[in-house]
Amino acid sequence: MSKIIKLGMAFDSSNAPNFGSIEENPKYQGEYTLLAADIAKLNNALTKTACTPYLSSAEDFAVTSGSNAVVADEPAVWRYHAGTDTWYEVISND
């Protein structure tokens, strides 16, 4: 089976999650960028729980606690918390 690398993780190419616009920021390790339309994918697709079934092992999950996801088209930043396996908003557009 062929593999595809997405967000620093190796997935089977026929069974890789859809991360939409979420990309690694090449300038800052542990930072991601995305469009507002894909904010829901942070907690629906880019968590250890969501990714583990598609990875060789849970240890292959590449997102670390404290990683930031910067929303490019609105003033918002989300942060990953490994203990709760969730992303939460730290800078709001409100």
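As the structure is a prediction and not an experimental result, all values here were calculated from the model. (Residues numbered from 1 in each chain as written. Predicted model: local features only at pLDDT ≥ 70, side-chain atom pairs only at ≥ 80, totals over all residues. Heavy atoms only, no water.)

Quick look at unusual backbone geometry
In most cases, non-glycine residues show a negative phi, while peptide bonds are predominantly trans. The condition that has to hold: Secondary structure follows DSSP: runs of H or I at least 4 residues long count as helices, runs of E at least 2 residues long count as strands, and numbering of each begins at the N terminus.
Phi is positive for Leu 7, close to 55°, though the residue is something other than glycine. Note on placement: Leu 7 falls in the loop between strand E1 (3-6) and strand E2 (9-12). Positive phi outside glycine occurs at Asp 85, with the angle close to 55°. Its location among the elements puts Asp 85 in the loop between strand E6 (76-81) and strand E7 (86-91).

What about the environment of Gly 20?
The criterion, for reference: For every residue, the accessible area obtained with a 1.4 Å probe (protein chains only) is divided by the maximum for its type, and the residue is called buried under 20%, exposed over 50%, and partly exposed between those limits. By definition, residues are in contact when any of their heavy atoms lie within 4.5 Å.
Along the chain, Gly 20 falls in the loop between E2 and strand E3 (23-24). By relative accessible area, which is 45% here, Gly 20 ends up partly exposed. Sequence-wise, Gly 20 and Glu 89 are 69 residues apart; in three dimensions their C-alpha atoms are separated by 19 Å. Aside from chain neighbours lying at most four places away, what touches Gly 20 is Asp 38 and Lys 41.

Regarding the nonpolar core
Cut-off, in case you're wondering: Here, nonpolar core refers to any group of buried Ala, Val, Leu, Ile, Met, Phe, Trp, Tyr and Cys residues whose side-chain atoms link them within 4.5 Å.
Core analysis: the largest hydrophobic core is formed by 21 residues, its most contacted members being Met 9, Phe 19, Ile 22, Leu 42, Leu 46, Trp 78 and Trp 87. Breaking this core down by element, the ones donating at least two residues are E2, strand E4 (31-34), helix H1 (39-45), strand E5 (68-71) and E6. Those residues in contact with Ile 22, other than ones at most four positions away along the chain, are Leu 7, Tyr 32, Thr 33, Leu 34, Asp 38, Lys 41, Leu 42 and Leu 46.

Here's the deal with the side chain of Glu 31
To keep it simple, the criterion reads: Counted as positive: Lys and Arg. Counted as negative: Asp and Glu, with His and the chain ends omitted from the count. The salt bridge definition used is simple: a Lys or Arg side-chain nitrogen within 4 Å of an Asp or Glu carboxyl oxygen. Counted as a polar contact is a pair of N or O atoms within 3.5 Å, where, for protein atoms, one must be capable of donating a hydrogen and the other of accepting one, and residues adjacent in sequence contribute only when both atoms are in side chains.
Within the secondary structure, Glu 31 sits in strand E4. At 8.4 Å, Arg 79 is the nearest oppositely charged side chain to Glu 31, a buried residue that forms no salt bridge. Polar side-chain contacts of Glu 31 include one of 2.7 Å to the side chain of Asn 25. Excluding anything up to four places from it in sequence, Glu 31 contacts Glu 23, Glu 24, Asn 25, Asn 68 and Val 70.

Details of the packing of aromatic side chains
Stated formally: Here the aromatic set is Phe, Tyr and Trp, taking the six-membered ring for Trp, and pairing holds for ring centres within 6.5 Å; pairs whose planes are under 30 degrees apart are stacked, those over 60 apart are edge-to-face, and all others are tilted.
Evaluated as defined, the whole model comprises four aromatic pairs. Between Phe 11 and Phe 19 the ring centres are 6.0 Å apart and the planes differ by 55°, which places this aromatic pair in the tilted class. For Phe 11, a relative accessible area of 0% gives the class buried. Residue classification places Phe 19 among the buried positions, given a relative accessible area of 3%. On the numbers, 6.3 Å between centres and 85° between planes, the contact of Tyr 32 with Trp 87 is edge-to-face. Taken together, the residues span a long stretch of sequence, with Tyr 32 in strand E4 and Trp 87 in strand E7 at a distance of 55 residues. Following the ring pairs from residue to residue traces out a cluster consisting of Tyr 32, Phe 61, Tyr 80 and Trp 87.

Remember, this is a structural readout, not a statement about activity or role.
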